[in-house]
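Structural description and commentary
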Amino acid sequence: MSLLFVFVDGLGLAPPGPANPLSALAGGALAPLGGKAPETPFRLIAADACLGAPGLPQSATGGTSLFTGVNAPALVGGHLSGFPNRALREALAREGLLRRARERGARAGFANAYTPAYFARGRSHRRSVTTVMTECAGLRLNRLEDLRRGEAIYRDFTNRLLIEAGHDVEPLSPEEAGGRLGEMARARDLLVYEFFRTDTVGHRGSFEEAAEVIASLNRFLGAALEALDPGRDAFLLSSDHGNVEDMEGALHTTHPVPILLWGRAAAEWAGTAEGVSSCDVAPGVLSLLELP
């Protein structure tokens, strides 16, 4: 079995309505998040992202909880925005999903590509949750050379931002990029990909821009799933906190986050849909991998 885990930053579950751009989706992988009933082979579970801490969930603690199963706000005394601090980095080093999967013998990887400018800054700059998790798992961060070979995907999967910055890469449609991601997933037991334009547009964009980003992501995910076999493979999508599902404001929300399951993940996810939090995602993924 191959399991594709797509982490979409800033994507919560809110009632359909004029402030929720997910409501406009008529079909596709993301349609259940906008209020449409999920169809086989999909299953949707709402997961608490507040984790017992007051205030709005944030990226550093939300992402750490998602990828370790540790209640990160409880660990550091509240929600922490931006990049993980020392305590969170230590939790990712001990309990990070990619490391734990590799220790159990899984062929695990992180799909995102990094630019030369990222590596030029050295290790002194702040690193995201997924970057810390990947490095602590002993995995090499992907370069643009990997992307050019079709072995990595940029955070903007169409490569538009890279081209505008002067990098020599080919433009991709959402369908082309999604197909590549699906093929990459088939070569591994577990592949993680991060998309965070949803959080960016939720903070600073318009409803129209948010709807465009979500529609493009929906096309991308649909193509990725076409490359997988629902009877053999699994797909999981989740988030660290809400944001883009409510465009009336520019802040994170306290809405639950999705655990969207497809294929074998939908059929074999353990437990009920009650009392679920983002801390249940990493243990659930490890259980699905059927590793010792």
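Residues numbered from 1 in each chain as written. Predicted model: local features only at pLDDT ≥ 70, side-chain atom pairs only at ≥ 80, totals over all residues. Heavy atoms only, no water.

Some thoughts on the overall build of the protein
Threshold: Starting at the N terminus, helices and strands are each numbered in turn, a helix being any DSSP run of H or I of at least four residues and a strand any DSSP run of E of at least two. Restricting the calculation to C-alpha atoms gives the radius of gyration, and the globule rule supplies 2.2 Å times the number of residues raised to the power 0.38. Residues are treated as being in contact if the distance between any of their heavy atoms lies within 4.5 Å. Calculation of accessible area relied on Shrake-Rupley with a 1.4 Å probe; when residues are assessed, cover is drawn exclusively from the protein chains displayed. Note on charges: Lys and Arg go in the positive column, Asp and Glu in the negative column, and His and the chain ends are not counted at all. All charge positions are set by atom: Lys at NZ, Arg at CZ, Asp at CG, Glu at CD.
When helices and strands are counted, the protein shows 13 helices and six strands. Relative to its length of 292 residues, the protein is compact, with a C-alpha radius of gyration of 17 Å against a globular reference of 19 Å. In terms of principal-axis extent, the alpha carbons of the protein reach across some 40 × 40 × 40 Å. When contacts within the protein are restricted to residue pairs at least 6 apart in sequence, those whose partners lie at least 24 apart make up 73%. Accessible area of the protein: about 11800 Å², with a carbon and sulfur share of 50%. Across the protein, 28 positive and 34 negative side-chain charges occur, with their mean positions spaced 8 Å apart.

So, the sheet that holds strand 1 (residues 3–8)
In a beta sheet, neighbouring strands pair by backbone hydrogen bonds and run either parallel or antiparallel. Formally: When DSSP finds at least two bridges between two strands, those strands are taken to pair. Where helices are involved, their axes are fitted lines through C-alpha atoms of the stretch in contact, as for all axes, and angles between N-to-C directions lie from 0 to 180°.
Strand order in the open sheet made by the six strands is 2-6-5-1-4-3, with mixed pairing throughout. Edge positions in the open sheet fall to strand 2 (42–47) and strand 3 (108–110), since each of these has one partner strand only. Strand-to-strand twist in this sheet, taken as the mean axis angle between neighbours without regard to direction, amounts to 15°. Pairing geometry for strand 5 (residues 234–238) and strand 6 (residues 257–263), over five bridges, is antiparallel. Each residue of the ladder has a partner; that of phenylalanine 235, found in strand 6, is tryptophan 262. On top of the sheet, helix 9 (residues 174–186) reaches strand 1 and strand 4 (190–195); it is set at about 150° to strand 4, its chief contact.

Section: the nonpolar core
For clarity, the cut-off: Here, nonpolar core means buried Ala, Val, Leu, Ile, Met, Phe, Trp, Tyr and Cys residues that are tied together by side-chain atoms lying within 4.5 Å of each other. The cut-offs for exposure are 20% and 50% of the maximum accessible area for each residue type, with area from a 1.4 Å probe on protein chains only; residues under the lower value are buried, those over the upper are exposed, and the others partly exposed.
Phe5, Phe67, Leu97, Leu98, Leu190, Ile259 and Val285 are the most contacted members of the largest nonpolar core, which totals 40 residues. The leading source of residues in this core is helix 13 (residues 281–288), at five residues. Non-local contacts of valine 285, meaning those with residues more than four positions away in its chain, are made with Leu3, Phe5, Leu97, Leu190, Leu236 and Trp269. With 38 residues, the next largest nonpolar core counts Ala29, Ala177, Ala210 and Leu228 among its residues.

A short note on unusual backbone geometry
The peptide bond linking threonine 40 to proline 41 adopts the cis configuration, its omega dihedral lying at 10°. Along the chain, proline 41 falls in the loop between strand 1 and strand 2. If you check the backbone angles, leucine 51 has positive phi at about 60° while not being a glycine. Relative to the assigned elements, leucine 51 resides in the loop between strand 2 and helix 1 (59–68).

Side note on the packing of helix 3 (residues 86–95) against helix 6 (residues 129–136)
Rule in force here: Each angle is binned into one of four classes, with values under 35 degrees roughly parallel, values over 145 roughly antiparallel, values of 65 to 115 roughly perpendicular, and all other values oblique. By the definition used in this description, the sense in which the near helix is turned from the far one sets the handedness, with an anticlockwise turn below a right angle giving left-handed and a clockwise turn giving right-handed. Residue classes follow a fixed rule: Ala, Val, Leu, Ile, Met, Phe, Trp, Tyr, Cys and Pro count as nonpolar, while Asp, Glu, Lys and Arg count as charged, and any other residue, Gly among them, counts as polar.
Direction vectors running N to C along helix 3 and helix 6 enclose 45°, while the axes themselves pass 8 Å from each other. Comparing their axes, helix 6 and helix 3 come out oblique. Judged by the sense of rotation from one axis to the other, the crossing of helix 3 with helix 6 is right-handed. Contacts from Arg89, Leu92 and Ala93 of helix 3 reach helix 6 at Val129, Val132, Met133 and Cys136. Taken together, the residues of the contact of helix 3 with helix 6 break down into six nonpolar, no polar and one charged.

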